[in-house]
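The chain contents come next:
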Amino acid sequence: MIRLFKVKEKQKELAENANGGVPIKKQTAGELRLHKDISELNLPKSCAISFPNGKDDLMNFEVSIRPDEGYYLCGTFLFSFQVSPIYPHEAPKVKCKTKVYHPNIDLEGNVCLNILREDWKPVLNINTIIYGLYHLFTEPNYEDPLNHDAAAVLRDNPKMFESNVRRAMAGGYVGQTFFPRCI
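Rules used in this analysis
Residues numbered from 1 in each chain as written. Predicted model: local features only at pLDDT ≥ 70, side-chain atom pairs only at ≥ 80, totals over all residues. Heavy atoms only, no water. Helix = DSSP H or I, 4+ residues; strand = E, 2+ residues; numbered from the N terminus. Buried < 20%, exposed > 50% of the residue type's maximum accessible area, 1.4 Å probe, protein only. Areas by Shrake-Rupley, 256 points an atom, 1.4 Å probe, with all protein chains shown as cover. UniProt positions renumbered as here; feature names shortened; annotations may be inferred. Contact = heavy atoms within 4.5 Å. Core = buried A, V, L, I, M, F, W, Y, C linked by side-chain atoms within 4.5 Å. Phe/Tyr/Trp six-rings, centres within 6.5 Å; stacked < 30°, edge-to-face > 60°. Lys NZ or Arg CZ within 6 Å of the ring centre and 35° of its normal.

Quick word on the overall build of the chain
Argument step 1. Each helix and strand counted, the chain has 5 helices and 6 strands in total.
Argument step 2. Going residue by residue from the N terminus, the α and β elements of the chain occur as α-α-β-β-β-β-α-α-α-β-β.
Argument step 3. Of all 183 residues assigned to the chain, the portion counted as buried reaches 39%.
Argument step 4. In the structure as shown, the chain presents an accessible area of about 11000 Å², 54% of it carried by carbon and sulfur atoms.

Overview of the UniProt feature "active site" (unreviewed entry) in the chain
Argument step 1. Taking the numbering used here, the UniProt-annotated feature "active site" (unreviewed entry) corresponds to Cys112.
Argument step 2. Mapped onto the secondary structure, cysteine 112 falls in the loop between β4 (93-96) and α3 (126-138).
Argument step 3. Residue cysteine 112 is classed as buried on the basis of its relative accessible area of 4%.
Argument step 4. Excluding anything up to four places from it in sequence, cysteine 112 contacts Asn104, Arg117, Leu136, Asp144 and Leu146.

Examining the nonpolar core
Argument step 1. Counting residues in hydrophobic clusters, the biggest one holds 43 residues, and the most contacted among them are Leu34, Phe61, Phe79, Phe81, Val111, Ile129 and Leu133.
Argument step 2. At the level of secondary structure, the elements contributing two or more residues to this core comprise α2 (29-39), β2 (60-65), β3 (77-82), β4, α3, α4 (148-156) and α5 (158-170).
Argument step 3. Per element, the largest residue contribution to this core is 7 residues, and it comes from α3.
Argument step 4. Setting aside residues up to four positions removed in sequence, phenylalanine 61 forms contacts with Leu34, Ile38, Ile49, Ser50, Phe51, Pro52, Phe79, Ser80, Phe81, Val83 and Ile126.

Description of the packing of aromatic side chains
Argument step 1. On inspection of all chains with the given rule, the structure shows 11 aromatic pairs.
Argument step 2. Arranged with centres 5.5 Å apart and planes meeting at 35 degrees, the rings of tyrosine 101 and phenylalanine 161 form a pair that is tilted. Of this pair, tyrosine 101 sits in the loop between β4 and α3 while phenylalanine 161 sits in helix α5; the two residues are 60 residues apart in sequence, bridging distant segments of the chain.
Argument step 3. Judged by its relative accessible area of 6%, tyrosine 101 falls in the buried class.
Argument step 4. Among the residues examined, phenylalanine 161 registers a relative accessible area of 0% and is labelled buried.
Argument step 5. Counting every residue linked through ring pairs, the aromatic cluster contains Tyr71, Tyr101, Phe161 and Phe179.
Argument step 6. The residue whose ring lies beneath lysine 99 is phenylalanine 179, and the NZ or CZ to ring-centre distance is 5.7 Å.

Below, the structure written as structure tokens:
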């Protein structure tokens, strides 16, 4: 029995020496699941994923969405994803890095998407979240808003909402708020 432990220690020592003395970091269950999710991504052509910290940091990545229909046609919107080590038991933290006039995204970038909150289940994956975000741009929902002003305009005057979205995406003011160009 003692020899078995000695063999394991020797294997670990050999592995560390092969890596220049740096011990090999074991992947958490969350990292393994995320790796699987990313390798199985089936994104629409209007979405792309990137790893600003390099491929070694899978737990933090960005997704850009460029809707090809709806109010936000031709805009480019960047989202940051921070994935917890206990993923998929906890939903990733998603923020919109592009300032956008949208009923379901506030001016700080917080996103109102049910599967990121109360409807999250471990069977859901990154692909599902990206399609959910894409859906927010093709069909914004004024019934569950974070930006109440945008939601009220969408509900009461869709033509004015469309005009506001175009002005914001072109780089302009909607009310007292300036939006940088995103088209």
